[in-house]
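Each chain is listed here by its residues.
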Amino acid sequence: MGSLFRSEEMALCQLFLQSEAAYACVSELGELGLVQFRDLNPDVNAFQRKFVSEVRRCDEMERKLRYLEKEIKKDGIPMLDTGENPEAPQPREMIDLEATFEKLENELREVNHNAEALKRNFLELTELKHILRKTQVFFDEMADPNREDEQVTLLGEEGLRAGGQALKLGFVAGVILRERIPAFERMLWRACRGNVFLRQAEIETPLEDPSTGDQVHKSVFIIFFQGDQLKSRVRKICEGFRATLYPCPEAPSQRREMAMGVMTRIEDLNTVLGQTQDHRHRVLVAAAKNIKNWFIKVVKIKAIYHTLNLFNLDVTQKCLIAECWVPLLDIETIQLALRRGTERSGSSVPPILNRMDTFEDPPTYNRTNKFTSAFQNLVDAYGIASYREINPTPYTIISFPFLFAVMFGDLGHGCLMFLFAAFLVLREKPLAAKKTDNEVWNIFFAGRYIILLMGLFSMYTGFIYNDIFSKSLNLFGSHWHTNYDESTVMSNKDLQINPSNSSEYDQVPYPVGLDPVWQLALNKIVFLNAYKMKISIIIGVLHMLSGVSLSLYNYRYFKDRLSIYCDFIPQVIFLTFLFFYMVLLMFIKWVSYGPQNAFPDSPACAPSILITFINMVLFKDAVALENCNTVYMFSGQGALQKFLVIVALLCVPIMLLAKPIYIMRQQKDKHVQLVNGHATTENGDAEGAGRVVQQPPPPAGGHDENEIGELFIHQGIHTIEYVLGSVSHTASYLRLWALSLAHAQLSEVLWSMVMTKGLILNSWIGGVWLWFVFGFWAILTVGILVLMEGLSAFLHTLRLHWVEFQSKFYKGLGYAFAPFSFEVILNTASTAVEE
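This is a predicted model, so every value here is computed, not measured.

Cut-off values and rules
- Residues numbered from 1 in each chain as written.
- Predicted model: local features only at pLDDT ≥ 70, side-chain atom pairs only at ≥ 80, totals over all residues.
- Heavy atoms only, no water.
- Helix = DSSP H or I, 4+ residues; strand = E, 2+ residues; numbered from the N terminus.
- Expected span 1.5 Å × (residues − 1).
- Buried < 20%, exposed > 50% of the residue type's maximum accessible area, 1.4 Å probe, protein only.
- Arc of directions from axis to C-beta.
- Contact = heavy atoms within 4.5 Å.
- 1 Å grid on protein atoms, 1.4 Å probe; cavity = no way out; pocket = protein on both sides within 12 Å on 5 of 7 lines; lining within 4 Å.
- Points joined across faces, edges and corners; volume = space filled by probe spheres on them.
- Nonpolar A, V, L, I, M, F, W, Y, C, P; charged D, E, K, R; others polar.
- Patch = residues over 30% accessible without salt bridge, like charges linked within 9 Å, V, L, I, M, F, W, Y side chains within 5 Å.
- Areas by Shrake-Rupley, 256 points an atom, 1.4 Å probe, with all protein chains shown as cover.
- Salt bridge = Lys/Arg side-chain N within 4 Å of Asp/Glu carboxyl O.
- Axes fitted to C-alpha atoms, helices over the stretch in contact; angles between N-to-C directions.
- Parallel < 35°, antiparallel > 145°, perpendicular 65-115°, else oblique.
- Left-handed = near helix turned anticlockwise from the far one by under 90°.
- pLDDT = per-residue confidence, 0-100.
- Phe/Tyr/Trp six-rings, centres within 6.5 Å; stacked < 30°, edge-to-face > 60°.
- Disulfide = S-S within 2.5 Å.

### Here's the deal with helix 10 (residues 331–345)
Relative to the 21 Å expected for 15 residues at 1.5 Å per residue, helix 10 spans 21 Å between its end C-alpha atoms, a close match to the ideal helical length. If you check which residues of helix 10 are buried, you get Ile-331, Ile-334, Ala-337, Leu-338, Gly-341 and Thr-342. For helix 10, the angular spread of the buried residues around the axis is 140°, confining them to a single face. Of the exposed residues in helix 10, those oriented more than 90 degrees away from the buried face are Glu-332 and Glu-343. Each element contacted by the buried residues of helix 10 is listed here: strand 1 (10–18), helix 2 (19–32), strand 10 (319–327) and strand 11 (352–356). Two residues or fewer past helix 10, Gly-346 is found with a positive phi of approximately 80°.

Given below as C-alpha cells:
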C-alpha cells in the first residue's frame with residue numbers, strides 16, 4: 001500500500017544468462033512484467049544485431065497470419081477466442097509453426113488461384129450463354145427482308161453485291177460493361193463513319209468479377225459491318241473499351257449446338273466450384289480455431305528476440321549480459337521466474353542477478369489496481385512523478401470527485417451518473433471482453449470508477465444543496481412558517497419572511513442541507529450566491545494548504561532541511577496569515593452576526609470580508625458603518641491584521657534570497673577550506689620544496705558560479721509564481737461557485753421552459769402530451785446537464801488539481817517504468833490490428 005503514496009523503490013541490476021537459457025528466462029520475465037531492460041547496444045544497427053534473423057522469421061510468420069486472418073474475415077467465419085494465454089513456444093517449435101503457416105498459406109493461395117480460374121472460366125461461359133441467347137433475336141432481325149432498305153441506307157449502295165444479291169455482312173459479338181455502352185456506341189459511329197450496325201441488350205442478372213468479387217452489370221452487343229478494314233477497326237475499338245469478344249456461329253443449328261455444350265460445361269463448373277469452396281471453407285474454419293493463439297505465440301516470440309537484441313555477449317560468446325530496472329520488493333519474485341526459465345531450458349548454470357550502484361534517476365513505478373489506475377492516469381497526464389516523489393493519486397481519489405460534485409451538485413443528475421457507472425462496474429468483465437475501437441466508449445469504461453465516485457459525491461452535494469432536477473426535497477419539513485392566511489400568500493408575491501422575527505421560524509438549525517422553502521423564494525439566487533462563493537473560497541484555501549503541507553513530506557524524505565526552512569515554512573506562513581485568516585473571518589462573521597439584534601451587533605453592521613481583506617493588505621483602517629457601534633468583528637483585529645500582513649510580507653524575501661545566499665556562503669566556506677588545506681600540504685612537505693603550487697580544485701558542493709546565478713533566477717521565478725499564484729489560485733477556486741450556480745440555473749430553466757409545458761393540460765390528452773414532453777426533457781437533461789455540464793465540471797476540476805493543488809508540491813519530472821510485459825505488448829498489438 002505504501003507504493004500508492006510514493007513510487008516503488010527501484011534497483012538497477014545486471015543479469016547474466018547462459019545462451020541456451022536466455023530465451024526461456026526472458027519468456028518468464030515477460031509473463032511477470034516487472035523488469036525494464038536497457039539497450040546495451042545503442043550504436044549497433046537494428047539489422048546487425050545477433051537475433052535479427054529470428055525477428056525476420058517472426059515478421060514473416062506475422063505476415064502469413066495476417067493473410068489467413070484476412071481470408072477468414074472475408075468469408076465471415078468467426079475466430080475462436082477462448083481467452084487463453086499460451087506460453088511462448090520454445091525456439092525449436094518455431095520450425096513447426098513456420099511449416100504449419102507455410103502449408104496453410106500455400107494451400108490457401110492454390111485454392112484461391114484455382115477458384116479464381118474456375119470463376120473466370122464460369123464467367124466466360126455465362127457471358128457466352130447470354131450471347132448465344134440474345135444474338136438469336138439480332139440474327140432474326142437481320143434476316144428480315146423488310147429491313148433490307150435500312151441496311152442499304154446504313155452500308156451504302158456499293159455494299160450490295162452485283163446482280164441484286166443479298167448483303168453479305170460480317171459481324172462480331174461480345175460483352176461490355178453497361179456504363180460504357182453510350183461512349184462505345186459514339187466511338188463506333190465516329191470511327192466507322194456510320195458504316196456499322198450495332199445492336200445491344202442488357203443482361204438482367206449481375207455477374208461476379210472473379211478478381212474483385214464485385215457484382216457488375218454487363219450488356220451483350222453484336223456489330224454488323226462489311227469488309228476487313230472495318231472489321232479490324234471494330235476489333236480495336238472493342239479492345240480499347242475492354243469488351244470481351246466471343247465466337248458466335250452464323251448458322252442457327254450451330255448456335256443451338258454450341259449453347260447445349262456451354263450449358264453442360266457450366267453445370268460441371270458449378271459442381272467443381274462448389275467442391276473448391278467447400279475445401280477452402282474447411283481450411284479456413286480449421287485455421288480460425290487456432291489463429292488467436294498463433295498470433296499470441298508469434299508476438300511473444302518476436303518480443304523475446306527483440307529483448308534479447310538489447311543484451312550484450314561476453315567474451316566467451318556463451319553468456320548474455322543484460323541491465324535492467326526492477327522494483328526492489330520484487331527481486332525475489334524475479335529470481336524465482338529466472339529459476340523457472342532455467343529449469344525449462346534444461347540448463348545447469350543458474351542465472352545471476354546483481355544489484356548495481358548508479359547515479360541515474362530510476363524510473364517511476366506506482367502500483368495500481370483497476371480502481372486506482374484511472375486516477376493515476378489523471379495524475380500522469382500532467383507529468384510522471386519524479387523518482388520517490390510523493391504521489392498525488394490517493395488524495396486525488398477523494399478531492400477530485402468532491403470538487404467535481406461541488407460544481408455539479410444535483411441529486412438527480414448525480415444519481416443518473418452513478419447508475420451508469422454502477423452498470424459499467426458490475427458488468428466490467430463481460431464488457432471488457434467485448435473489445436471495441438469506439439474511443440468514446442473506451443474512455444467512459446476506463447474511467448468507470450471516477451464516474452462512480454463523481455456521481456456518488458454529486459448525490460451528496462445535491463442533498464446538501466437540496467436540489468434534485470431543480471426541485472427540492474421536503475424530507476424534514478420547513479422550519480419557516482407565516483402568520484398570513486393562504487389567500488394573502490397566494491395573491492401577494494411581494495411578501496417576505498423576515499428572519500429577524502423569531503416567530504416566523506423555529507429556533508433550531510435545519511437538520512441537513514438547505515431548507516426547502518428557499519426553492520420558493522424569489523431571493524434564492526442572492527442567498528445561494530453568497531453561500532456558495534464563501535464555501536468555494538474555504539474549500540480552495542484548505543485544498544492549497546494541503547498541497548503545501550504535502551511538500552513537507554517530500555523535503556523530509558529527501559532530507560532537504562534547507563527547503564523546509566527556506567521554502568515550506570515561509571510558504572505556509574504566507575498562505576495562512578493572509579488567506580486562511582480570510583477564511584477564519586468568514587466563520588467569525590457567520591457566528592457573530594445573526595438576523596436579530598440580540599447578537600453582538602446588528603446584521604446591518606456586518607462588514608464585508610472582501611473590503612476587510614483589501615483594507616488589511618493596504619494597511620487601511622476600517623471605516624465604521626452608519627449607526628454601528630463597532631468597526632471590527634473582535635477587539636484587537638486591526639493590530640492583529642497589521643502584524644499578519646507584515647509577517648507575510650517578510651516571508652517573501654526569505655523565499656526569494658535565503659536559499660541562494662545560504663548555498664553561496666556554504667560554497668565559499670568550502671572553497672576557503674580547500675585552499676587552506678592545499679597550502680598547508682605544500683608548505684609542510686619538505687620534499688616538495690621548489691614545486692609549483694597547483695591551483696585548488698573547484699568547489700566540491702556541486703554548485704559553481706554559473707549554477708549559483710541560475711539558482712537565484714530559479715528561486716526568483718519560484719517565489720514570484722507562488723506569491724502571485726496564491727492570489728490567482730484562490731480566485732480560481734471561485735469556479736466552484738460559478739459553475740454550481742450555472743448548473744442549478746440551467747436545470748431550473750430547462751424545467752420551467754420544457755417540463756412545465758407538459759403539465760398545462762388536465763384531460764387524458766395531457767397524459768399523452770406529458771409523455772412526449774418528458775421524453776424531450778429527459779433527452780436535454782442527459783445531453784446537456786449530465787454530459788456537457790459534466791464534461792465542463794470535469795475539466796475545471798482537472799485544472800484545479802493540476803495547477804492549484806499539484807503545483808504546490810509536485811514536480812512531475814520523472815519517466816514511467818516501462819517493463820517488458822507480454823500483456824502490454826499483446827494489448828498494443830490487438831489495438832493496432834483493430835485500427
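Okay, back to it.
### Brief notes about empty space enclosed by the protein
Taken as a whole and judged by the stated rule, the model has 5 cavities of 30 Å³ or more. Taken as a whole, the largest cavity spans an internal volume of roughly 160 Å³. Lining of the largest cavity is provided by 16 residues; of these, Tyr-465, Asn-466, Gln-519, Lys-524 and Leu-528 occupy positions nearest its centre. Its residues placed into classes, the lining of the largest cavity shows 6 nonpolar, 5 polar and 5 charged.

### As for a nonpolar patch on the surface
On the surface, a cluster of nonpolar side chains totalling about 730 Å² of accessible area is made up of Leu-416, Phe-420, Val-440, Phe-444, Leu-746, Val-782, Ile-784, Leu-787 and Met-788. When residues of the nonpolar patch are traced back to their parent elements, those giving at least two are helix 13 (411–426), helix 15 (439–446) and helix 24 (764–805). Considering each element in turn, the nonpolar patch owes the most residues, 4 residues, to helix 24.

### Focus on the packing of helix 6 (residues 181–191) against helix 7 (residues 228–240)
At a minimum axis distance of 11 Å, the contact between helix 6 and helix 7 shows a crossing angle of 155°. Classified by the angle their axes make, helix 6 and helix 7 are roughly antiparallel. Helix-helix and strand crossings are classified by hand; for helix 6 and helix 7 the assignment is right-handed. Facing Phe-184, Met-187, Leu-188 and Ala-191 of helix 6, the residues of helix 7 in contact are Arg-233, Val-234, Ile-237 and Cys-238. When the residues that make up the contact of helix 6 with helix 7 are grouped by side-chain class, the tally is 7 nonpolar, no polar and 1 charged.

### Description of the packing of helix 3 (residues 52–74) against helix 8 (residues 252–288)
Running from N to C, helix 3 and helix 8 point in directions that differ by 115°, and their axes come no closer than 10 Å. The element helix 3 and its partner helix 8 pack so that their crossing is left-handed. Contacts between helix 3 and helix 8 involve Glu-71, Ile-72 and Lys-74 from the first element and Arg-280, Leu-284, Ala-287 and Ala-288 from the second. Partitioning the contact of helix 3 with helix 8 into residue classes produces 4 nonpolar, no polar and 3 charged.

### Focus on the pattern of salt bridges
Enumeration according to the criterion identifies 30 salt bridges in this entry. A salt bridge links Glu-323 to Arg-38; the nearest nitrogen and oxygen atoms lie 3.2 Å apart. Of this pair, Glu-323 sits in strand 10 while Arg-38 sits in the loop between strand 2 (36–37) and helix 3, and the two are 285 residues apart along the sequence. Classification of Glu-323 as buried rests on a relative accessible area of 16%. Under the relative-accessibility criterion, Arg-38 is labelled partly exposed at 23%. Taken together, the shared-partner salt bridges in this structure form one network comprising Glu-28, Glu-87, Arg-340 and Arg-344.

### Things to note about the confidence of the model for the chain
As a note on interpretation, predicted positions should not be read in detail where pLDDT is low. Chain-level statistics for the chain give a pLDDT mean of 85 and a share of 88% at 70 or above. In the model, residues 151–166 has pLDDT below 50 throughout and makes 18 contacts with residues more than four positions away in sequence or in other chains. Within the model, pLDDT remains below 50 along residues 679–703, and this stretch shows 17 contacts once partners closer than five positions in the same chain are excluded.

### A few points about the packing of aromatic side chains
Applying the stated rule across the entire model yields 33 aromatic pairs. Seen in terms of ring centroids, Phe-579 and Phe-613 are 5.7 Å apart; in terms of plane orientation they differ by 40°. Their pairing is tilted. Taken together, the positions of Phe-579 in helix 19 (residues 561–592) and Phe-613 in helix 20 (residues 609–617) put the pair 34 residues apart, joining distant regions of the chain. Summarising the burial analysis for this pair, Phe-579 and Phe-613 share the class buried. On the basis of an interplanar angle of 90° and a centroid distance of 5.7 Å, the ring pair of Trp-751 and Trp-777 is categorised as edge-to-face. Separated by 26 residues along the polypeptide, Trp-751 in helix 23 (residues 734–753) and Trp-777 in helix 24 bring together distant segments of the chain.

### A closer look at the side chain of His-130
Here His-130 lies in helix 4 (residues 93–142). Classification of His-130 by relative accessible area gives buried; the value is 9%. Once you skip the residues sitting within four places of it in the chain, His-130 turns out to touch Ile-203, Thr-205 and Val-220.

### Remarks on the state of the cysteines
According to the stated counting rule, one finds 0 disulfides in the structure shown. In this model Cys-238 remains outside any disulfide bridge; the closest cysteine sulfur is found in Cys-192, 9.2 Å from its own.

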